[in-house]
Amino acid sequence: MHSVTILGATGSIGVSTLDVISQHPEKYSIFALTGCRQLEKLAQQSVQHSAKFAVVTDELSAKKLSILIQELKGSTEVIFGKDALSEVARSNQVDIVMAAIVGAEGLLPTLSAVESGKKVLLANKESLVMAGSIFMAAVKQNGATLLPIDSEHNAIFQCLPQDYSDGDRSSIKKLILSASGGPFRTWDTAKIAMATPAQACAHPNWSMGNKISVDSASMMNKGLECIEAKWLFDTSMDRIDVLIHPQSIVHSLVQYVDGSVMAQLGNPDMRTPIAYGLAWPKRLPSGVADLNLSEIAQLSFEPPDIEKFPCLQIAYDAAKEGGDAPAILNAANEIAVEAFLDGRIGFTAIPKVVEKTLDSFDFYEPQSLAAVQDSDSRARAAARSLIKRLEF
Ligand code: NAD
Ligand code: MG
């Protein structure tokens, strides 16, 4: 029996994780679930899965959640605050931590799980984008097992040779990340400029949280994923390619030196990579329907359109720049996406806010987490002030 903490249990990945876990009650039990605003959902999840702890961000939410849990006759203990998040990630009663908080808020608790040597299922790509070097050093130093949950990275992980982590990379030519192209793939630039938050969040193949849905529409998601791949697979940006594949059936590919290309296929349902992460190195039924290729009939591929989706290039350049550039990119993007979702800026202002924020910084190599957080907060302030000045 493995004891699991889910950071971000109320979100899209959190719900899918609980779905897989509830199919295997003899293998997994829930230690802690965390959430932010959806208290009723968190109360229900906590009671249904007999969680020992439920964690929220503040005292008022904690009081409300306790009442909701009592009403449901549950016995989950409610705690709150950033330290509490880290505590349930590092507790010695936990074996597996699913890191599924969205954005920079996920960094500290995910790192706590890594520093205590857990098996960490990483959905929160933003932690690697912000602090890849510090994060991966902590994985090594503390003997943590880091398993990628992002579907592309999970696919690549499945396609790499067994000895990849021993350091022999000579057999690999390229890692190829597939991308659906998002809801605006076939739209022209003028139409994209008028896109609404509802349109940006209506992803054609995947059902996800709002922030990653907007990132998928702008293709920033793929840019963040290239940076994520660089750190996870210890490679350089020139070995990472992006391939548009609108059906989201081929989740990513590895090109070998002998001309072989290995790909992982499956229906677009996050329960597959989640089940793989939970059971690794074994496999587990996930509840995902069998892939029916004859019904799908056609799989198509095309190169990404960088003119139409400048975020991909901006992210790529920030990754090449290195140092704190990716942390600044990530922070500015989070602020821009929030402003877009609130209706304060248009869709095409997102890359402009990110680019202008990056332009206003001199980059350096952050040596500590505090330095990363400092770059993150300065970038947020710069992006907010750009948006306030309504320069777009
Ligand atoms: P979501 O918005 O559906 O859920 C986010 C979760 O984070 C919620 O449980 C929420 O309570 C929690 N949260 C938000 N702000 C918080 C804060 N300030 N403090 C504490 N908790 C907070 O997001 P999602 O789609 O589940 O994505 C989660 C992560 O997984 C993201 O990093 C995303 O990039 C990554 N991811 C998601 C998918 C997907 O299919 N949804 C695929 C690949 C990667
Ligand atoms: Mg992905």
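Residues numbered from 1 in each chain as written. Chains lettered and ligands numbered in written order. Predicted model: local features only at pLDDT ≥ 70, side-chain atom pairs only at ≥ 80, totals over all residues. Heavy atoms only, no water.

### Some thoughts on the overall build of the protein
And then number 1: Helix and strand counts for the protein stand at 17 helices and 11 strands.
And then number 2: The C-alpha atoms of the protein give a radius of gyration of 20 Å, which matches the 21 Å a tight globule of 392 residues would have.
And then number 3: Projecting the C-alpha coordinates of the protein onto the three principal axes gives extents of approximately 55 × 55 × 45 Å.
And then number 4: Within the protein, contacts between residues at least 6 apart in sequence are counted, and of these 69% link residues at least 24 apart.
And then number 5: For the protein, the exposed surface amounts to about 17300 Å²; the carbon and sulfur share of it is 50%. (Helix = DSSP H or I, 4+ residues; strand = E, 2+ residues; numbered from the N terminus. Rg over C-alpha atoms; globule rule 2.2 N^0.38 Å. Contact = heavy atoms within 4.5 Å. Areas by Shrake-Rupley, 256 points an atom, 1.4 Å probe, with all protein chains shown as cover.)

### A look at the coordination of the magnesium ion (ligand 2)
And then number 1: Here the magnesium ion (ligand 2) is held by the protein donor atoms Asp150 (OD), Glu152 (OE) and Glu225 (OE), which lie 2.1 to 2.2 Å from it.
And then number 2: In primary-sequence terms, the residues that donate to the magnesium ion (ligand 2) follow D-x1-E-x72-E. Pair noted here: glutamate 152 is in helix H7 (residues 151-159) and glutamate 225 is in helix H11 (residues 220-232), with a separation of 73 residues, a long-range link. As far as burial versus exposure is concerned, glutamate 152 and glutamate 225 are alike and both buried. (Donors = N, O, S within 2.8 Å, 3.2 Å for Na, K, Ca; no water. Buried < 20%, exposed > 50% of the residue type's maximum accessible area, 1.4 Å probe, protein only.)

### Let's talk about the packing of aromatic side chains
To describe a pair of aromatic rings, you give the distance between the ring centres and the angle between the ring planes.
And then number 1: Taken as a whole, this structure holds 6 aromatic pairs when the rule is applied.
And then number 2: Ring geometry for phenylalanine 157 versus tryptophan 280: centroids 6.1 Å apart, planes at 50°, classification tilted. Highlighted residues: phenylalanine 157 in helix H7 and tryptophan 280 in the loop between helix H12 (271-279) and helix H13 (293-296), separated in sequence by 123 residues.
And then number 3: Taken together, the aromatic side chains of Phe184, Trp187, Phe340 and Phe347 make up a single cluster linked through ring pairs.
And then number 4: Here the guanidinium or amino end of arginine 169 rests over the ring plane of tyrosine 164, the centre of that ring lying 4.1 Å away.
And then number 5: Over the ring of tryptophan 187 we find lysine 191; its NZ or CZ atom is 4.2 Å from the centre of that ring. (Phe/Tyr/Trp six-rings, centres within 6.5 Å; stacked < 30°, edge-to-face > 60°. Lys NZ or Arg CZ within 6 Å of the ring centre and 35° of its normal.)

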